[in-house]
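So the chains spell out like this:
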Amino acid sequence: MCALKSTSLMDLNMRGLVVSLLCFLFSVATKFNCCTGHSLKALCNEEEREALLSFKTGVHDPSNRLSSWVSEECCNWEGVLCHNTTGHVLRLNLRWDVYQRASSLGGNISSSLLHLKHLRYMDLSCNDFGSLNIPKFFGFLSNLRYLNLSSAGFGGVIPHQLGNLSKLHYLDIGNCQYYIHRNSLNVEDLEWISGLPFLEYLDMTTVNLSKTSNWLQVMNKLHSLSVLRLSNCELLAIDSLRHVNFSNLLILDLSWNHLISSSFDWFADLSSLTTLNPADNTIHGQIPYGLRNMSSLIFLDLSYNKFASSLPDWLFHMTTLDHLYAISNMFQGKLPNNIGNLSSITYLDLSDNALEGDILRSLGNLCAFQLSKISHRSQGKSLEFLNLGGNKLSGSFPDTLGECKILEYLNLGENRLSGHLPNELGQLNSLSSLYIHRNSFSGKIPISLGRISTLSRLNIRENFFKGILSEKHLANLTSLKELDASSNLQLTVQASSNWTPPFQLTGLDLGSCLLGPQFPAWLQTQKNLYDLNMSYAGISDVIPAWFWTRTYQTIDLSHNQIIGSIPSLHFPRIHLGSNNFTDPQPQISSDVVELDLSDNLFRGSLSPMLCRQRTNKEVNLLNSLDVSGNLLSGELPNCWMYWRELTVLKLGNNNLTGHIPSSMASLIWLGSLHLRNNHLSGNFPLPLKNCSSLMVLDLSENELTGSIPEWIGNFIGKITETFLEVGRILHTASLMVLVLHSNKFNGSIPVELCHLNSLQILDLGNNNLSGTIPRCFGNYSRTIKPSNSTSPFPFHDPYYITFGSTDEATLVMKGVEYEYHKSLGLLAGIDLSSNNLSGGIPEEFTSLHGLIFLNLSHNHLQGKIPVKIGDMKSLESLDLSMNRLSGVIPQGMATIAFLSHLNLSYNNLSGQIPSGTQLRGFSPFSFIGNPELCGAPLTDDCGEDGKPKAPIPDNDGEDDSGWIDMKWFYLGMPWGFAVGVWAIFAPLALKRAWRHAYFQFLDEMKYKLLGWCS
């Protein structure tokens, strides 16, 4: 037994030695270590090494990413992966960081890569090959399974040879996320895609597919496809499908195209789809009914389309939905009560539609379900994001929202909600953002709001809250970063001078709330504050010195009664208008972009502020400067060459004199120039000839003389290509507003004004112009059609030089002088009144269908009123008085529905005033001074011949002593008026203290009125 056992042990030892020997021999032959189980890395294939070096020679490598490509062992090179046993190159991964474009690979791609016959994976994404065509030989890398060329700077037509890659599973020729450079790739025929039977992932984001009308049929041949991204591909239509072959599709992205049809019947067969994104198209009608069958759908984005139906009930029975977005459509009707059936919803955004109904009833169900999930300790998800802003929802704030315990974002702003805020609001202890702005909430703000320690953004602006917002409301808001309580006119913000808030704000807006009269001392504790608005806040204090040392981005302290002086300014955007700041004028840092010092008490010349010596390297960024409405005097400074970035310059309502300085020709990007109501003299400013970007020019109420130059017709804007890396063209429009009212210009109106095809306001009134009205005025394109835009003025368009600005003009309309601001872009009108113009009214005027006001009064015009004047349907004000017009009033004038001001007095018009309530509703003063006119509203009736009936003689024999008494009364009126006015103003002129007290009283009343009106 023992001998047998010993023999067995010897056999086992022998077997072990044999196995060890065989393992050693096999490991040498196969480079595999049997004992350890680890592979021994093979050496690089020499032919493939040379191919990679040839590739390296052709590319541009500014960051030396390929610096390791020098050793003998290419399998250790950056981005190269080889097979462990054969040494063949399997992977080439040269993807770069999309945010470091300057150091990415570029240049040419060598065909030597064809020697990488075993290559399965190639990633060249997020590089920049300078619009190089995708190499055709890529289609002969027959073993490729993965190809990523996204955002690599390739351009031109995608080669059909890619269809030879029959083993390909992944193809991305789109764009990296957040990469702004538009792809210049396009496809003329997509049939090559059908040669990729195993393709599972296809991303062609931003590839131009506008020429491939059969794109859907081709994609339908890809049975294995699970992800399809065709965002921003210029797709125009979706054809119907008889049979859906790519039924395994999980993700479908068709966003940012031009699709208009909503008849996606084939959607019903995509039962496995988890993500569907047709956002940012123009799809209209109802939500495709086929979506109802998508039982696996988790993510649905219908935003930025033109859906115009009510929200279907079946949409809220899709219990798998986790994200639902339907932003900025035209959905209408009531918000469904069964919204609570969305049992898996975490993100719900239905903002910017026209949904109605009681929000309390709808959201109560949703939050009740959320509460039931928590009470049953469900592991399912709960609502985290809810945005219903920008609708027409009514009712009070839903106290049941307090049951949404993990809600982080809530936006109910811009609706019609009312009532008080409930105390249950404080139960939202996960809330980080709360927006309830632009509603009609009232009452006091509950103290419970201050319990939400996670709250970082709070916006309650433009409501009717009243009472006090105190330290108690804010005591526990330790996470607060942004607070906006502006435009709550009865809300007082109250805090002690030694209060230290528990938060550090980055943005604070308390405009049109009561803060004053003292400047809030607690602001000194806010070290990270960048945006501050305390306009219309009743502050009448001096701004403390520490305030000017901070690094704000935007401050708005306008429309207060702040006193004192201003030191040097270095904040980018500064609004200090309508206060009582006094000299010395502040120094302006080169970092300031917008500066508003209007309506203060600055005196003297502008030179100390603007003409400080600058270094050659110092570039002033000032874009907008407003010092209008001060007490400035002297000539305009001649140092505008330091401020070449100016696009808005407002110097009106001062006492400036002299000529426009020559250095103003340096302002080549100036888009808006206001010099009204000064004492400027000389001819039309020649330096402005170089300011061809002007869109608004107001030189009214000065003492300018001479003729209006012909070169003003050259203000037709500029087009300049900048930002070449994103291919954006920056441009300005031509002159849109020209106001030269109340000067001493003479000569004729230059016909070159007709070249200004964007002109919408032309005011040449109260000058000495003569000659005829140019007939080409009828060609103004801006006034031919009525505007449907709420703000067509280009200062609101970011593609214009003066983006982000608003403008203003003072115009006479309906016989009254108005100052237009935000509504200026909606106006269109012509004022040529109080000149010496002759001839007739051009018939071409009647083609200006969008004209809102027309004033040709106080001239020497003759002839008839144009017969087609009734075509000017947008007219609200028409003044043709004090001319020599003759003939009848055209019947069409009675059809101008919006006409609210009409003056045809003191002409030679005749006949019956056209019947209809429109004209008969005007005062008789609109028609007096036309002896041959008759009919209502005049007291003279018309005879059968259409002329006024002869008056009946007065034979009652009464004496005219009453008329004699009335003559003395009228003669005494001017003297009585003069004595009365002198009795009031003489003491003010003689007593300086009285004068200051009187005007201070007027200022106080003005600010109170402005505060009430705002």
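The rules behind the values
Residues numbered from 1 in each chain as written. Predicted model: local features only at pLDDT ≥ 70, side-chain atom pairs only at ≥ 80, totals over all residues. Heavy atoms only, no water. Helix = DSSP H or I, 4+ residues; strand = E, 2+ residues; numbered from the N terminus. Areas by Shrake-Rupley, 256 points an atom, 1.4 Å probe, with all protein chains shown as cover. pLDDT = per-residue confidence, 0-100. Contact = heavy atoms within 4.5 Å. Salt bridge = Lys/Arg side-chain N within 4 Å of Asp/Glu carboxyl O. Buried < 20%, exposed > 50% of the residue type's maximum accessible area, 1.4 Å probe, protein only. Pairing = 2+ DSSP bridges. Phe/Tyr/Trp six-rings, centres within 6.5 Å; stacked < 30°, edge-to-face > 60°. Lys NZ or Arg CZ within 6 Å of the ring centre and 35° of its normal. Core = buried A, V, L, I, M, F, W, Y, C linked by side-chain atoms within 4.5 Å. 1 Å grid on protein atoms, 1.4 Å probe; cavity = no way out; pocket = protein on both sides within 12 Å on 5 of 7 lines; lining within 4 Å. Points joined across faces, edges and corners; volume = space filled by probe spheres on them. Nonpolar A, V, L, I, M, F, W, Y, C, P; charged D, E, K, R; others polar. Expected span 1.5 Å × (residues − 1). Arc of directions from axis to C-beta. Polar contact = N/O pair within 3.5 Å; in protein donor to acceptor, adjacent residues only side chain to side chain. Axes fitted to C-alpha atoms, helices over the stretch in contact; angles between N-to-C directions.

**Structural notes on the overall build of the protein chain**
Within the protein chain one finds nine helices and 64 strands. Total accessible area on the protein chain is roughly 46,900 Å²; 54% of this is exposed by carbon and sulfur atoms.

**Some words on the confidence of the model for the protein chain**
Here the protein chain shows a mean pLDDT of 84. Residues at 70 or above account for 81%. Within the model, the stretch residues 788-805 combines pLDDT values under 50 with 51 contacts to residues more than four positions away or in other chains. Low pLDDT (under 50) marks residues 1010-1014, which in the prediction has eight contacts with non-local residues, meaning those over four places away or in another chain.

**Observations regarding the pattern of salt bridges**
For the structure shown, the criterion picks out 13 salt bridges. Note that Arg573 is salt-bridged to Glu594, the shortest N-O span being 3.7 Å. Highlighted residues: Arg573 in strand β36 (residues 573-575) and Glu594 in strand β38 (residues 594-596), separated in sequence by 21 residues. Judged by relative accessible area, Arg573 falls into the partly exposed class, the value being 32%. Residues Asp698 and Arg676 are paired through a salt bridge, measuring 4.0 Å at the closest nitrogen-oxygen approach. Residue Asp698 is located in strand β46 (residues 696-698), and its partner Arg676 is located in the loop between β44 (672-674) and β45 (679-683); the two are separated by 22 residues in the primary sequence. Arg676 carries the same exposure label as Asp698, and that label is buried. Here the residues in one salt-bridge network are Glu414, Arg438, Arg461, Glu462, Asp484 and Asp509, joined through shared partners.

**Regarding the sheet that holds strand β6 (residues 132-133)**
The three strands are arranged β6-β8-β10 in an open sheet whose pairing can be described as parallel. This sheet does not close on itself; its edge strands, each paired only once, are β6 and β10 (184-186). Pairing geometry for β6 and strand β8 (residues 154-157), over two bridges, is parallel. Residue pairing for β8: Asn133 is matched across the bridge by Gly155.

**Points about the packing of aromatic side chains**
Under the counting rule described, the total for this entry stands at 27 aromatic pairs. On the numbers, 6.2 Å between centres and 40 degrees between planes, the contact of Phe55 with Trp69 is tilted. With Phe55 in helix α2 (residues 46-58) and Trp69 in the loop between β1 (59-60) and β2 (80-82), this residue pair connects regions lying 14 residues apart in the sequence. Against the face of Tyr121 rests Arg91, its NZ or CZ located 4.2 Å from the ring centre.

**Topic: the nonpolar core**
Here is a general trend for soluble globular proteins: nonpolar side chains tend to be buried in one another's company. If you look at the biggest cluster of nonpolar residues, it comprises 246 residues, and the most contacted ones within it are Phe138, Met204, Met219, Phe246, Trp266 and Phe547. Looking at this core, the elements that each hand over two or more residues are α2, β2, β3 (89-93), α3 (215-219), α4 (359-375), β29 (464-469), β31 (490-493) and α6 (607-610). Among the elements that line this core, the one with the most residues is α3, at four residues. Ignoring anything within four residues of it in the chain, the contact list for Met204 reads Ile158, Ile173, Gly174, Val187, Leu190, Leu209, Met219, Arg229, Leu230 and Cys233. Counting 14 residues, the second largest nonpolar core, distinct from the first, contains Met736, Leu824, Ile852 and Phe853.

**Digging into empty space enclosed by the protein**
Enumeration over the complete set of coordinates arrives at seven cavities of 30 Å³ or more. There is about 50 Å³ of room inside the second largest cavity. Around the second largest cavity sit Arg676, Ser700, Glu701, Val739, His741, Asp763, Thr810, Leu811, Val812 and Glu817, which together line it. Counting residues per element, the lining of the second largest cavity draws most heavily on strand β54 (residues 809-813), at three residues. Looking at the lining of the second largest cavity residue by residue, the class counts come to three nonpolar, three polar and four charged.

**Regarding α2**
For α2, spanning 13 residues, the distance from its first C-alpha to its last is 19 Å, which sits close to the expected 18 Å at 1.5 Å a residue. Turning to α2, its buried residues are Glu48, Arg49, Ala51, Leu52 and Phe55. Axial view of α2: buried residues confined to an arc of 160 degrees, hence all on one face. Packing partners of the buried residues in α2 comprise β1, β2 and β3. For α2, the capping residue at the N-terminal end is Asn45, with a side-chain oxygen 3.0 Å from the backbone nitrogen of Glu47.

**Brief notes about the environment of Glu701**
Turning to its location among the elements, Glu701 is positioned in the loop between β46 and β47 (703-707). Residue Glu701 is classed as partly exposed on the basis of its relative accessible area, which comes to 27%. Along the chain, Glu701 and Lys744 lie 43 residues apart, while their C-alpha atoms are 9.4 Å from each other. When residues no more than four places from it in sequence are discounted, the contact partners of Glu701 are Arg676, Asn677, Asn678, His741, Ser742, Asn743 and Glu817.

**Things to note about the sheet that holds strand β25 (residues 416-419)**
Taking strand neighbours across the sheet as the criterion, the five strands line up as β23-β25-β27-β29-β31 in an open arrangement whose pairing is parallel. Every other strand in the sheet has two partners, leaving β23 (394-396) and β31 as the edge strands with one partner each. Sheet twist, expressed as the mean angle between neighbouring strand axes with direction ignored, is 25 degrees.

**Considerations on the pairing of β54**
Taking burial as the measure, the five residues of β54 include four buried ones, the bulk of the element. In this structure, β54 lies alongside strand β55 (residues 816-820), joined through five bridges in antiparallel fashion. Following the sheet pairing, Thr810 is matched in β55 by Glu819.

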